[in-house]
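The primary structure of each chain is shown beneath.
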Amino acid sequence: AQSVAQPEDQVNVAEGNPLTVKCTYSVSGNPYLFWYVQYPNRGLQFLLKYITGDNLVKGSYGFEAEFNKSQTSFHLKKPSALVSDSALYFCAVSPGPAAGNKLTFGGGTRVLVKP
Amino acid sequence: NAGVTQTPKFRILKIGQSMTLQCTQDMNHNYMYWYRQDPGMGLKLIYYSVGAGITDKGEVPNGYNVSRSTTEDFPLRLELAAPSQTSVYFCASSFTTTGYLNTGELFFGEGSRLTVL
């Protein structure tokens, strides 16, 4: 069975400072990894994904994520946070298309960026 | 393109009532999903479909039913509503093929907030 852990319920950061949201995963075989963002009363929006290739993945809104196979981690990063980045962030893992591309989500991390 | 459209956005049910959450997508995606999101929790998969006429259970299917008669529509039926089904329900779709590198990201609807009293 696959699983995702997001160890921090909330991350507070000052505007302009670097932002990191942590994620570790467990899956059989090669991982398909995703980050999504959810703004209040909205659906989830895709940020980025890792399937293969370069361990550093770049996504929307200046976000990037680093895949580390040995540590089974996929941390989300942004070099300089904005107040508008305040939202709920979800990490997810999929076993791939052959298994229905069923995403398993972590519990979410709330990011609060203070001016 | 409207993307993934869910109706209704809000609904209050009494215990034992039944209802259907509607979901339609106009992106010609083959895969569709229903998730529920409980407060402070991540999303849990209820049912999913890899194409018209094909559905399968996810992690928490009890108390729900689905059908997929067309590519566009994937309704979720709640039979005999219970307070434990109070949640926000999200429908999602993706274009996914069996090619190794061809895993599409999920596109989500805005959600349907259901309260069972």
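One structure accompanies this document, and this report is about it. The structure displayed is predicted, hence computed values, not measured ones.

**Re the overall build of chain B**
Counting secondary structure elements, chain B contains zero helices and 11 strands. Starting at the N terminus, the α and β elements of chain B follow one another as β-β-β-β-β-β-β-β-β-β-β. Referenced to the eigenvectors of the C-alpha coordinate spread, the extents of chain B come out at roughly 45 × 25 × 25 Å. For chain B, the residues scored as buried account for 45% of the 117 residues in total. Approximately 5600 Å² of chain B is accessible, and the part contributed by carbon and sulfur atoms is 55%.

**Description of the overall build of chain A**
Along chain A, the regular secondary structure elements total zero helices and 12 strands. Element order for chain A, N to C, with α for helix and β for strand: β-β-β-β-β-β-β-β-β-β-β-β. For 115 residues, the compact-globule formula gives about 13 Å, and the C-alpha radius of gyration of chain A, at 14 Å, lands near that figure. Across its three principal directions, the C-alpha atoms of chain A cover 45 × 30 × 25 Å. Counting the 115 residues in chain A, one finds 48% classified as buried. Of the roughly 5200 Å² that chain A leaves accessible, carbon and sulfur atoms contribute 49%. Side-chain charges of chain A comprise 10 positive and 7 negative groups, with the mean position of each set lying 6 Å from the other.

**Re the pattern of salt bridges**
According to the stated counting rule, one finds eight salt bridges over all chains in the structure shown. Notably, a salt bridge pairs Glu105 of chain B with Lys49 of chain A, separated by 3.4 Å at the nearest N-O pair. Of this pair, Glu105 of chain B sits in the loop between strand 9 (87-94) and strand 10 (107-108) while Lys49 of chain A is found in strand 6 (residues 44-50), placing the two residues in two different chains. Note on Lys49 of chain A: relative accessible area 26%, which makes it partly exposed.

**Examining the environment of Val50 of chain B**
With respect to the secondary-structure elements, Val50 of chain B resides in strand 5 (residues 43-51). When its relative accessible area of 30% is taken as the criterion, Val50 of chain B is described as partly exposed. Remark: the alpha-carbon pair of Val50 of chain B and Gln22 of chain B, spanning 28 residues in sequence, is separated by 18 Å. Those residues in contact with Val50 of chain B that lie beyond four places of it in its chain are Gly100 of chain A together with Asn30, Tyr31 and Arg68 of chain B.

Cut-offs and rules
Residues numbered from 1 in each chain as written. Chains lettered and ligands numbered in written order. Predicted model: local features only at pLDDT ≥ 70, side-chain atom pairs only at ≥ 80, totals over all residues. Heavy atoms only, no water. Helix = DSSP H or I, 4+ residues; strand = E, 2+ residues; numbered from the N terminus. Buried < 20%, exposed > 50% of the residue type's maximum accessible area, 1.4 Å probe, protein only. Areas by Shrake-Rupley, 256 points an atom, 1.4 Å probe, with all protein chains shown as cover. Rg over C-alpha atoms; globule rule 2.2 N^0.38 Å. Lys, Arg positive; Asp, Glu negative; His and termini not counted. Charge placed at Lys NZ, Arg CZ, Asp CG, Glu CD. Salt bridge = Lys/Arg side-chain N within 4 Å of Asp/Glu carboxyl O. Contact = heavy atoms within 4.5 Å.

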